[in-house]
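Take a look at the letters that make up each chain.
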Amino acid sequence: MIDVLVAGGGPAGLATAIHAALAGMETVVVEPRPGPIDKACGEGLMPTGAAALADLGVAAPEGRPFLGIRYVYGRHRVQAEFRNGPGLGVRRTALHAALAARARDLGVRVVPGRVAEVRTAGEAVHARLTAGELRARWLVAADGLHSPIRARLGLDLPSRGPRRYGLRRHYRVAPWTDFVEVHWAPGGEAYVTPVADDLVGVAVLSGERRPYDEHLARFPALLARLDGPPVTPVRGAGPLRQRVRRRVAGRVLLVGDAAGYVDALTGEGITLALLSARALVGCLRAGRPEDYETAWRRLSWRSRLLTAALVRARGHPPAARLIVPAARRLPAVFRAAVRTLA
Ligand SMILES: Cc1cc2nc3c(=O)[nH]c(=O)nc-3n(C[C@H](O)[C@H](O)[C@H](O)COP(=O)(O)OP(=O)(O)OC[C@H]3O[C@@H](n4cnc5c(N)ncnc54)[C@H](O)[C@@H]3O)c2cc1C
């Protein structure tokens, strides 16, 4: 019997597998897609996330450090630098390759396929895969935003608030800033992350489902900067908000986006995935898996609260128009919010 079976080989699943392997547990990851895996993402790893990656012993993936966050709305702009070192703009493919290499070096086995069904019997979880079956002491569902395992276990809660979606694409352009820029417009945000010396990623977030170029047309000042060609296809994800009943169900534990998600607007999803992977394995090692729920709540509540408040304000046009001007007038508050998310 395996110690830890991880369903999903994204950042959350691979980080869980690395922590478990470092703790001496026999670990298998099941993932349907061949690497290096790409995904719709703003690709800004917050400083705490970059540090968590180094703590895992993961070789620093190629990317571009960023110093903080800048909000732009018409002629209004406000920025705040991180206090504890830079974040990292990093292509998902590079991040995946670095995590996968570390997992492989630690002896983690990656099995191609999907976990199709989960059944607990006594001290074991039986997972039926696309081909075959595996038995483990613990199953970690790291199967993403719309986690099929979470749904099958009845852990989904009905979503509240506006449904929002994200789309992203990359442009062959030299970055014009060392900040991640969030451009605001009525109806959506564009989130610009420098990921290499000649490449920026542009993610658009909105409650409206339209083609990527229509979203981008709302940001003429940003469009003028994107004078190089798009070099990746458009990728999308959503609805973003996912509410979850609980994160521990017997021998199954949820991590990463599968554990619940608010919105991409504040860009700390990967960081939370890495931190909760560490907390989860800590609870397994201590023989107290039930403590993971509290640990997850403790490490994520600030960012969940801030993100939900921002998305709520964003949903009311008069309030939305005031977000960037207000942040400019109250720089200490903006700085504190950015540093909390960092
Ligand atoms: C538009 C957008 C912008 C974002 N910007 C940022 C940002 O700038 N910074 C940041 O930190 N975060 C950002 N995020 C959030 C970030 O992308 C996620 O938080 C992160 O990918 C979560 O990782 P994960 O491993 O939980 O899920 P995923 O990366 O989605 O990985 C889940 C994996 O599970 C696999 N899987 C699915 N079903 C099964 C199954 N049945 N069995 C086995 N495997 C399965 C999938 O193939 C996939 O590889 C953004 C998200 C979006 C949508």
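Refer to the structure above for everything that follows.
Residues numbered from 1 in each chain as written. Predicted model: local features only at pLDDT ≥ 70, side-chain atom pairs only at ≥ 80, totals over all residues. Heavy atoms only, no water.

(A) Molecular detail of the overall build of the protein chain. Along its length, the protein chain carries ten helices and 20 strands. Seen through its principal axes, the protein chain has C-alpha atoms that stretch 60 × 35 × 35 Å. In the protein chain, 72% of the contacts between residues at least 6 apart in sequence involve partners at least 24 apart. Summed over all atoms, the accessible surface of the protein chain reaches about 15000 Å², with 53% contributed by carbon and sulfur. (Helix = DSSP H or I, 4+ residues; strand = E, 2+ residues; numbered from the N terminus. Contact = heavy atoms within 4.5 Å. Areas by Shrake-Rupley, 256 points an atom, 1.4 Å probe, with all protein chains shown as cover.)

(B) Broad picture of the pairing of strand S2 (residues 27-31). Buried residues dominate S2, accounting for five of its five residues. Alternating residues of S2 divide into Thr 27, Val 29 and Glu 31 and Val 28 and Val 30, and every residue in both groups is buried. By the bridge criterion, four bridges tie strand S1 (residues 2-7) to S2 in an arrangement that is parallel. The residue of S2 that forms the bridge with Leu 5 is Val 28. Note: S2 against strand S8 (residues 109-112), four bridges, orientation parallel. Bridge pairing in S8 links Val 30 to Val 111. (Buried < 20%, exposed > 50% of the residue type's maximum accessible area, 1.4 Å probe, protein only. Pairing = 2+ DSSP bridges.)

(C) Quick peek at unusual backbone geometry. Each neighbour pair has its own omega, and for Gly 35 with Pro 36 the value is -10 degrees, a cis peptide bond. For the bond running from Gly 238 to Pro 239, omega is -10 degrees, close enough to zero to count as cis. Among the structural elements, Pro 239 can be located in the loop between strand S17 (235-237) and strand S18 (243-244). Of note in the backbone geometry, Glu 43 takes a positive phi value of approximately 65 degrees without being a glycine. Within the element layout of this structure, Glu 43 appears in the loop between S2 and strand S3 (44-45). Taking relative accessible area as the criterion, Glu 43 reaches 2% and is therefore assigned buried.

(D) Looking closely at the site of the ligand. The environment of the ligand is formed by 36 residues, the closest being Glu 31, Gly 42, Gly 44, Asp 257 and Ile 270. Within the backbone of Gly 44, a nitrogen or oxygen atom sits 2.8 Å from a nitrogen atom of the ligand. Interatomic distance of 2.7 Å between a side-chain N/O atom of Asp 257 and an oxygen atom of the ligand. Protein contacts shield 95% of the accessible area of the ligand, which totals 1000 Å² for the unbound molecule. At the level of secondary structure, the elements contributing two or more residues to the shell around the ligand comprise helix H1 (11-22), S2 and helix H7 (269-285). (Near = heavy atom within 4 Å. Polar contact = N/O pair within 3.5 Å; in protein donor to acceptor, adjacent residues only side chain to side chain.)

(E) Up close: the sheet that holds strand S7 (residues 87-89). Ordered by their spatial adjacency, three strands build an open sheet running S3-S7-S4, and the pairing between neighbours is antiparallel. The strands lining the two open edges of the sheet, one partner per strand, are S3 and strand S4 (64-66). The pairing of S4 with S7 spans three bridges and is classified as antiparallel. Residue pairing for S7: Phe 66 is matched across the bridge by Gly 87.

(F) Representation of the packing of aromatic side chains. One pass over the structure, following the stated rule, counts three aromatic pairs. In this structure, Arg 247 is placed above the aromatic ring of Trp 296, and the distance from its NZ or CZ to the ring centre is 3.9 Å. Just above the ring of Trp 138 sits the side chain of Arg 251; from NZ or CZ to the centre is 4.4 Å. (Phe/Tyr/Trp six-rings, centres within 6.5 Å; stacked < 30°, edge-to-face > 60°. Lys NZ or Arg CZ within 6 Å of the ring centre and 35° of its normal.)

(G) Summary view of the pattern of salt bridges. For the coordinates displayed, the defined rule picks out 24 salt bridges. Across the salt bridge formed by Glu 43 and Arg 91, the nearest N and O atoms sit 2.6 Å from each other. Placement of Glu 43 in the loop between S2 and S3 and of Arg 91 in the loop between S7 and helix H3 (92-105) is noted, with a sequence separation of 48 residues between them. Between Arg 164 and Glu 189 there is a salt bridge whose closest N-O contact spans 2.8 Å. Separated by 25 residues along the polypeptide, Arg 164 in the loop between strand S12 (156-157) and strand S13 (165-171) and Glu 189 in strand S15 (residues 188-196) bring together distant segments of the chain. What makes Arg 164 buried here is its relative accessible area of 5%. Among the charged side chains, a network of salt bridges with common partners joins Asp 38, Glu 43, Arg 91, Arg 168 and Arg 235. (Salt bridge = Lys/Arg side-chain N within 4 Å of Asp/Glu carboxyl O.)

(H) Summary view of helix H2 (residues 47-55). Inspection of H2 places Pro 47, Gly 49, Ala 52 and Leu 53 among the buried residues, and these make up the whole buried set. On the buried face of H2, the contacting elements are S3, S7, H3 and H7. Where H2 ends, the next residue or the one after it, Gly 57, has phi of about 80 degrees, a positive value.

(I) Just empty space enclosed by the protein, in detail. Scanning the model with the defined rule gives three cavities of 30 Å³ or more in all. Looking at the largest cavity, its volume works out to about 170 Å³. What lines the largest cavity is a set of 16 residues, among which Gly 260, Tyr 261, Val 262, Gly 269 and Leu 272 lie closest to the centre. With five residues, helix H8 (residues 292-314) is the largest single contributor of residues to the lining of the largest cavity. For the lining of the largest cavity, the residue count by class is five nonpolar, seven polar and four charged. A volume near 40 Å³ is recorded for the second largest cavity. Surrounding the second largest cavity, Arg 160, Gly 161, Pro 162, Arg 164, Arg 241, Val 262, Asp 263 and Val 311 form its lining. Class assignment for the residues of the lining of the second largest cavity results in three nonpolar, one polar and four charged. (1 Å grid on protein atoms, 1.4 Å probe; cavity = no way out; pocket = protein on both sides within 12 Å on 5 of 7 lines; lining within 4 Å. Points joined across faces, edges and corners; volume = space filled by probe spheres on them. Nonpolar A, V, L, I, M, F, W, Y, C, P; charged D, E, K, R; others polar.)

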